[in-house]
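Report on the structure
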Amino acid sequence: MKKFLFGFLFGIIGCLIFISVSGSSLFGFVGEPFIEKILEPSVSPLPTATPTSTPLDIVEKIVRDSSLSSVAIQTFQGNTLKKYGSGIILSSDGLIVTTYELSQGQTIQVLFEDKIFKASVIKKDLARNIALIKIEGSNLTVSGLDTASTYESGREYILTGKMVNLSKIITFSQKAIINYVQDKTILMDTNKNDMLNGAKTINYSGQMAGMIYTKAGKTFLISAQIISEFYSGSIAE
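Residues numbered from 1 in each chain as written. Predicted model: local features only at pLDDT ≥ 70, side-chain atom pairs only at ≥ 80, totals over all residues. Heavy atoms only, no water.

A word on the sheet that holds strand β10 (residues 185–189)
Judged by pairing direction, the barrel is antiparallel, and its six strands sit side by side in the order β8-β9-β10-β13-β12-β11 before closing back on the first. Going from strand to strand, the sheet's axes swing by 45 degrees on average, the running direction of each strand aside. Sheet topology places strand β8 (residues 156–165) next to strand β9 (residues 168–182); ten bridges connect them, and they run antiparallel. Bridge pairing in β9 places Glu156 opposite Ile177. Helix-sheet contacts for helix α3 (residues 55–66) involve β8, β9 and β11 (200–202), and the interaxial angle to β8 is about 50 degrees. (Pairing = 2+ DSSP bridges. Helix = DSSP H or I, 4+ residues; strand = E, 2+ residues; numbered from the N terminus. Axes fitted to C-alpha atoms, helices over the stretch in contact; angles between N-to-C directions. Contact = heavy atoms within 4.5 Å.)

As structure tokens, then:
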């Protein structure tokens, strides 16, 4: 009887050991997981991304569009070139805003679309360093003024205008950041550039926030609000 019981117990233990060892393989505990393989999701190829505009693309478009209403300006005393810079077309018949110093001179020459115009001074304001000049034109592209612009330290803009190089009119541009704002004085941080007088200040929406002038080696912004007030007062007179 005892032999029978011992034999029976050893038989059960042997079966349990067999099930334990072989069951690990059957139920996926040894080798590659059986359950995980069944539940593993299928992998689909990712769709090709649609190309998007880079910041450089945006800047190039803003400068290109802005150049349509910018002009190059040269002032002469006799046959001597005294000053040069840019101007901004504000009316389709040829009213152009620029800096005060670019309205000084015996002759004011405006270069636009491979043409040369002689300009006359309509009004100028030394205190605000701004002037309105006129050429004989028609159907000219006009620059809008973003009079709702706000000005805060750290805000970045694009400065762009026109210059003459070996009798050829070319567009230039560079970036600038507002250094500080105090009352109506707006100081800009940018590379020093003798061509900046009269250049447009454009935000990244392509709107004109003002005009640049340089003084004592520093670069300042005349706001769109001041330009608008000066222009409206000039044509009302």
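As for the pattern of salt bridges
A full pass over the atoms with the stated rule returns four salt bridges. The partner of Arg155 in a salt bridge is Glu152, and the shortest N-O contact between them spans 3.3 Å. A relative accessible area of 30% means that Arg155 is categorised as partly exposed. (Salt bridge = Lys/Arg side-chain N within 4 Å of Asp/Glu carboxyl O. Buried < 20%, exposed > 50% of the residue type's maximum accessible area, 1.4 Å probe, protein only.)

Concerning the pairing of β10
In terms of strand pairing, β9 meets β10 through five bridges, oriented antiparallel. Its bridge partner being in β10, Gln182 is matched across the sheet by Thr185. Connecting β9 to the antiparallel partner β10 that follows it, the hairpin turn spans two residues, and Asp183 within it adopts a positive phi of roughly 55 degrees. Bridge analysis of β10 against strand β13 (residues 218–223) gives two bridges, and the strand direction is antiparallel.

Comments concerning the sheet that holds strand β5 (residues 115–118)
Strand order in the open sheet formed by seven strands is β5-β4-β1-β2-β3-β7-β6, and the pairing between neighbours is antiparallel. Edge positions in the sheet fall to β5 and β6 (120–125), since each of these pairs with one other strand and no more. When strand polarity is set aside, the average angle formed by the axes of neighbouring strands in this sheet is 30 degrees. Pairing of strand β3 (residues 95–98) with strand β7 (residues 130–134), which is carried by four bridges, proceeds in the antiparallel orientation.

Concerning the confidence of the model for the protein chain
Here the protein chain averages 83 in pLDDT, and 77% of its residues register 70 or above. At the low end of the mean pLDDT range in the protein chain sits helix α2 (residues 34–39), at 41; at the high end sits β3, at 98. In this model, residues 1–6 is a region of pLDDT below 50 whose contacts with residues beyond four sequence positions or in other chains number zero contacts. Predicted confidence is poor over residues 15–41, with pLDDT under 50, and the contacts of this stretch with residues over four places away or in other chains come to eight contacts. (pLDDT = per-residue confidence, 0-100.)

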